[in-house]
Amino acid sequence: MANRVIPSAQRILKTLRPLNSASSTTISSALSPITFPEKAQQHNPGLEQQLLPKSDASFNLDDVNNRLFESVPTAKLIRSVANLHMVAMEPIVDLGMWMMKSKLMTTPVVKDVILGFIRSTFYEHFCAGEDAVATGNSVRALNEAGLRGMLVYALEYASDNESCDRNLQGFLDTVESTKSLPRSSVSFIILKITAICPMKLLERVSDLLRWQQRDPSLNLPWKHETLPIFSESSPLYHTMEKPEPLTPEEERDLELVHERLQRLSEKCLEANVPLSVDAEYTSIQPSIDYLTYASAIKHNKDDNPIVYGTIQAYLKDAKERMLLASEGADKMGIPMGFKLVRGAYMSSESKKASALGYPSPIHNSIEETHACFNECASYMLEKIGNGSGAVVLATHNVESGKLAVKKAHEIGISKVHQKLEFAQLYGMAEALSFGLKNSGFQVSKYMPFGPIELVMPYLLRRAEENRGLLSASTLDRHLTREELKRRLKAAIF
């Protein structure tokens, strides 16, 4: 984390044997259990005074900017500016994707040079650490600064039951490790279902769920109790013909997925750390929602949502689907939590729909996406104010942050405080994160971690999917540049 702008961040990078995932990014050796060592939290009364919540609804990023960089060395600020500018340039993302997929990575010397450069730049800026010590230190640094961490073990795209089981153990070890970190310093464990369920099975289940939406008479004997998955406007074009029923082997494999998710959910319940299941492509989202909601029904009890679903606001049917699932949970007496995001698969979703001759499932303009996100956020805040549900507002949009702060104060911040979390990516939107924290809200950073060989393909895919977000990080770059200008002027005059 040499170039991170969070105060007191430390860099302790050690070797960790990576988890074997049977995807294109497979690494051969298995991961030993993750254990964050105990460490006494340092007391910093000066920083605590800086970060005291304000009593009103003010939301001043200029004020927080002055304090944010106070303890950050100039060299680290320069590297931060350089990183943010590089990831905002699409050719850099394209080059990174090409290098990681090219034969260059099969040449040991070249591979070491490439990974060495990535480790000292992008990886250290956007990742929590390669091993338990570094990740634990990153979480503690955030905690000391008044923020929390969402732990993202960078696993996805398993292809068989063996790799799914190994991946599950990695997530279970991650949950266990939170017990040695400061209380409440970890807000969520993040899971991509593709890490514990083969993609082909997710596609098969999604096809059958979509066909049942077309033809409610279709019997799915393997289907567990769940919440509404589709709305009237949900796209069904991925499934144009009636799919074959699941084979007995596929049914057994699907039951194994339920069991994996149940084990992880129970582990999160034991540790009192919620599990947030990420959204993915619309082609497999029905099966992801089905599995997520089935687990939520079993484990979300007594006003304590442990399993959260994710709603992508850039989809035209997002608000309606969220309302239907939320209302369904209310009828069952289930406290349901949702993470709201704008979405990360815009290019691929539009291309897929166009290739099949259908309109894009994505909103026609960014303004419509913003409106959908803000409307969903307002709905969930009102529900929380009335004593039901929970929400994570994952946004880098300052206006959305301001609107949510205003809404929370209208409802009464004491009513929503424990059930509302803001979230931003680790290494980005620092001023927004601290501005929200200083306004009295819980704020988390989405923290990918793990061996660089495993994490970088994951991050590069995220970078490719989030091109708009990376290129739109104008505020981050502006604030760091302004701080460097201020220091230069102070040094000269």
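Let me begin by describing the structure that accompanies this report. (Residues numbered from 1 in each chain as written. Predicted model: local features only at pLDDT ≥ 70, side-chain atom pairs only at ≥ 80, totals over all residues. Heavy atoms only, no water.)

1. Some points on the overall build of the chain
Part 1 of the reasoning: Scanning the chain from N- to C-terminus turns up 19 helices and 8 strands.
Part 2 of the reasoning: Among the 493 residues that make up the chain, the fraction classed as buried is 58%.
Part 3 of the reasoning: Considering only intrachain contacts with a sequence separation of at least 6, the fraction spanning at least 24 residues in the chain is 80%.
Part 4 of the reasoning: When the accessible surface of the chain is summed, it comes to about 20500 Å², and 54% of that surface belongs to carbon and sulfur atoms. (Helix = DSSP H or I, 4+ residues; strand = E, 2+ residues; numbered from the N terminus. Buried < 20%, exposed > 50% of the residue type's maximum accessible area, 1.4 Å probe, protein only. Contact = heavy atoms within 4.5 Å. Areas by Shrake-Rupley, 256 points an atom, 1.4 Å probe, with all protein chains shown as cover.)

2. A word on the sheet that holds strand 3 (residues 275–277)
Part 1 of the reasoning: Taken in spatial order, the 8 strands close into a barrel running 1-2-3-4-5-6-7-8, and their pairing is parallel. This sheet shows a mean twist of 30° between the axes of neighbouring strands, independent of strand direction.
Part 2 of the reasoning: Of the strand pairs in this sheet, strand 6 (residues 390–394) and strand 7 (residues 420–425) are connected by 4 bridges, and their pairing is parallel. When the bridges of strand 7 are listed, L393 appears paired with F422.
Part 3 of the reasoning: Along the sheet, helix 6 (residues 132–144) contacts strand 1 (148–153), strand 2 (186–191) and strand 8 (442–449); its crossing angle with strand 8, the most-contacted strand, is approximately 165°.
Part 4 of the reasoning: Sheet strands in contact with helix 13 (residues 366–385) are strand 5 (337–341), strand 6 and strand 7, and its direction is about 150° off that of strand 6. (Pairing = 2+ DSSP bridges. Axes fitted to C-alpha atoms, helices over the stretch in contact; angles between N-to-C directions.)

3. Thoughts on a nonpolar patch on the surface
Part 1 of the reasoning: Where nonpolar side chains cluster on the molecular surface, the patch consists of L95, W98, L104 and V110 and spans about 360 Å² of accessible area.
Part 2 of the reasoning: Among the structural elements, L104 can be located in the loop between helix 4 (90–101) and helix 5 (108–126). (Patch = residues over 30% accessible without salt bridge, like charges linked within 9 Å, V, L, I, M, F, W, Y side chains within 5 Å. Salt bridge = Lys/Arg side-chain N within 4 Å of Asp/Glu carboxyl O.)

4. Points about the environment of E255
Part 1 of the reasoning: Its place among the elements puts E255 in helix 9 (residues 248–271).
Part 2 of the reasoning: Taking the relative accessible area as the measure of exposure, E255 reaches 32% and is therefore partly exposed.
Part 3 of the reasoning: With 32 residues separating them in the primary sequence, E255 and K223 have C-alpha atoms 9.7 Å apart.

5. Section: the packing of helix 8 (residues 199–214) against helix 9
Part 1 of the reasoning: In contact at an axis separation of 11 Å, helix 8 and helix 9 are set at 105° when each is read in the N-to-C sense. Here helix 8 lies roughly perpendicular to helix 9, going by the angle between them. Counting all contacts with helix 8, which are made through L201, R204 and V205, the residues of helix 9 involved are E250, D253, L254 and V257.
Part 2 of the reasoning: Looking at side-chain class alone, the contact of helix 8 with helix 9 contains 4 nonpolar, no polar and 3 charged residues. (Parallel < 35°, antiparallel > 145°, perpendicular 65-115°, else oblique. Nonpolar A, V, L, I, M, F, W, Y, C, P; charged D, E, K, R; others polar.)

6. Some thoughts on the pattern of salt bridges
Part 1 of the reasoning: Under the counting rule described, the total for this entry stands at 18 salt bridges.
Part 2 of the reasoning: Linking K192 and D278 is a salt bridge whose minimum nitrogen-to-oxygen distance equals 3.7 Å. Of this pair, K192 sits in the loop between strand 2 and helix 8 while D278 is found in the loop between strand 3 and helix 10 (285–299), placing the two residues 86 residues apart along the sequence.
Part 3 of the reasoning: With a relative accessible area of 5%, K192 lands in the buried category.

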